[in-house]
Amino acid sequence: HMPHLDMRQFMCRSDNYGVIIHDSKTGATASIDAPDAEAVEAELRKFGRQLTHIFTTHHHEDHVAGNLRLKELFGCKIIGPKNEAEKIPGIDTAVKGGDTFSWAGREVKVFDCPGHTRGHIAFYMPSEFSLFAGDTVFAMGCGRVNEGSMAEMWHSVNQFRPLPPVTHVYCGHEYTEANCRFALSVEPGNRDLQQRATVVAAQRARGEMTCPSTIGDELKTNPFMRCDSPEIRRHLKMETATDAEVFAELRHLKNSFK
């Protein structure tokens, strides 16, 4: 039985999450995305670690800005999405949904998540009960649909539902408070959501990070994973719509929600 990886999450830029995962046996150390080279480097130096890999979820600047500098500093290998490989600075290995690879003796599964960007991917490590979702799923939210279709994004978000409920969900941004307000606006009667709102408000008041979340928590509180909720459907007057149609309406509403 392997010990669990050491996972450290920290803030970068204004609201990006950085995550560094480390295997004590092999020394393998990966950064999940690279929002900012200096922030990632500072976190590595704090624990005396050498970066061996970057797992890139998508091409947006606030996820790849540190790629080339970190590669120059550490000679790390960059693993990123095949369907937008030409937009990932320094990419060494391109992967797509359905691929699995081994990292520090552990299996990593790749999910295709088109929607936020055309080639967005997520990395899932079953042995660690951890999903690195980038900007596809946030705590109580999902990414904007910039390059894909609403139907694609609905599928991308909801493909994670069958994962074990204890699975940790690491996402790209600290957007939880705003997402929580929106979720309450469409499902005010949800008791789990009311409780989570209280916890999140307290965490943010103390300046704490609200993530990682879990799949179990998202299934109970994330409207974008609750398109079958009778209360949400009544609220939208979409009782007979498909889940994908409900998702699209929720995403449109969230885009202009203040």
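Structural data are supplied above this passage.
Each chain carries its own residue numbering, running from 1 in the written order of its sequence. For this predicted model, a pLDDT threshold of at least 70 governs which residues receive local features, and a threshold of 80 or more governs which side-chain atom pairs are given and counted, while totals over whole chains, interfaces and linings are taken from all residues. To get the side-chain values, all heavy atoms of the structure are used, and hydrogens and water are removed first.

**Some points on helix 5 (residues 176-186)**
Item 1. Of the positions making up helix 5, those classed as buried are Thr176, Asn179, Cys180, Phe182, Ala183 and Val186. Buried positions in helix 5, seen along its axis, are confined to an arc of 165° and lie on one side of it.
Item 2. Lining the buried residues of helix 5 we find strand 11 (137-138), strand 12 (141-142), helix 6 (191-205), helix 7 (215-221), helix 8 (230-236) and helix 9 (243-255). Note on exposure labels: buried denotes an accessible area under 20% of the residue type's maximum, exposed denotes more than 50%, and partly exposed covers the range between, all computed with a 1.4 Å probe on protein chains only. Numbered from the N terminus, helices here are DSSP runs of H or I no shorter than four residues, and strands are runs of E no shorter than two. Here the arc refers to the directions that run from the helix axis out to each C-beta atom. By the convention used here, residues are in contact when the closest approach between their heavy atoms is within 4.5 Å.

**Things to note about the sheet that holds strand 8 (residues 106-112)**
Item 1. Strand pairing follows a simple DSSP-based rule, namely that at least 2 bridges must link the two strands. Strand order in the open sheet formed by six strands is 7-8-9-10-13-14, and the pairing between neighbours is mixed. The open sheet has two edge strands with one neighbour each: strand 7 (100-103) and strand 14 (213-214).
Item 2. In terms of strand pairing, strand 10 (residues 130-134) meets strand 13 (residues 168-171) through four bridges, oriented parallel. Opposite Ser130, over in strand 13, you have His168 as the bridge partner.

**Here's the deal with helix 4 (residues 150-158)**
Item 1. Burial in helix 4 covers these residues: Met150, Met153, Ser156, Val157 and Asn158.
Item 2. On its buried face, helix 4 is in contact with strand 8, strand 11, strand 12 and helix 9.

**Re the pattern of salt bridges**
Item 1. By convention in these notes, a salt bridge is any Lys or Arg side-chain nitrogen within 4 Å of a carboxyl oxygen on Asp or Glu. All told, the structure shown has 17 salt bridges when counted by the stated rule.
Item 2. A salt bridge links Glu41 to Arg45; its shortest N-O distance comes to 3.0 Å. Placement of the pair is Glu41 and Arg45 together in helix 1 (residues 37-46), with a separation of four residues, close to one helical turn.
Item 3. Between Glu86 and Arg118 there is a salt bridge, and its shortest N-O distance comes to 3.8 Å. Of the two residues, Glu86 is situated in the loop between strand 5 (77-81) and strand 6 (93-95) and Arg118 in the loop between strand 8 and strand 9 (121-125); the sequence distance between them amounts to 32 residues.
Item 4. For Glu86, a relative accessible area of 59% translates into the label exposed.
Item 5. Arg118 sits in the partly exposed class, given a relative accessible area of 47%.

**Description of the packing of helix 5 against helix 9**
Item 1. As a rule, the C-alpha atoms of each element are fitted with a line to give its axis, helices using only the stretch in contact, and angles between N-to-C directions run from 0 to 180 degrees. Across the interface, helix 5 lies against helix 9 with an axial gap of 11 Å and an inter-helix angle of 125°. The orientation of helix 5 with respect to helix 9, classified from their angle, is oblique. Judged by the sense of rotation from one axis to the other, the crossing of helix 5 with helix 9 is right-handed. When helix 5 is examined against helix 9, the residues Asn179, Phe182 and Val186 are found in contact with a partner set consisting of Leu250, Leu253 and Lys254. Throughout this description, any angle smaller than 35 degrees is read as roughly parallel, any larger than 145 degrees as roughly antiparallel, any in the 65 to 115 degree range as roughly perpendicular, and the remainder as oblique. Left-handed describes a crossing whose near helix is turned anticlockwise from the far helix by less than a right angle; the clockwise case is right-handed.

**A word on empty space enclosed by the protein**
Item 1. Within this scheme a cavity is a closed region of a 1 Å grid, computed over the protein atoms alone, that accommodates a 1.4 Å probe without allowing it to escape, whereas a pocket is open but has protein on both sides within 12 Å along at least five of seven lines; lining residues each have an atom within 4 Å of a point. Grid points are joined across faces, edges and corners, and a volume is the space filled by probe spheres set on the points. Following the criterion strictly, the structure yields one cavity of 30 Å³ or more and no others.
Item 2. Taken as a whole, the largest cavity encloses approximately 80 Å³ of empty space.
Item 3. Lining of the largest cavity is provided by 13 residues; of these, Tyr17, Ile32, Asp33, Cys171 and Gly172 occupy positions nearest its centre.
Item 4. Secondary-structure elements contributing two or more residues to the lining of the largest cavity are strand 2 (16-22), strand 10 and strand 13.

**So, the pairing of strand 7**
Side-chain positions along a regular strand alternate between the two faces of the sheet.
Item 1. Because side chains alternate across strand 7, one face comprises the buried residues Phe101 and Trp103, and the other comprises Thr100 and Ser102, none of which is buried.
Item 2. One ladder, built from four bridges, connects strand 7 with strand 8; its direction is antiparallel. Within strand 8, the position partnered with Ser102 by the bridge is Glu107.
Item 3. Where strand 7 hands over to strand 8, the hairpin turn is made up of two residues, of which Ala104 adopts a positive phi near 50°.

**A short note on the environment of Val95**
Item 1. Structurally, Val95 is set in strand 6.
Item 2. A relative accessible area of 7% places Val95 in the buried class.
Item 3. A sequence separation of 97 residues divides Val95 from Asp192, and the C-alpha atoms of the two residues are 36 Å apart.
Item 4. Those residues in contact with Val95, other than ones at most four positions away along the chain, are Ile79, Gly80, Pro81, Lys82, Phe101, Val110, Ile121 and Phe123.

**A few points about the side chain of Asp23**
Item 1. In this fold, Asp23 is placed in the loop between strand 2 and strand 3 (29-32).
Item 2. When near neighbours in sequence (up to four residues on either side) are disregarded, Asp23 contacts Leu5, Ala28, Ala104 and Arg106.

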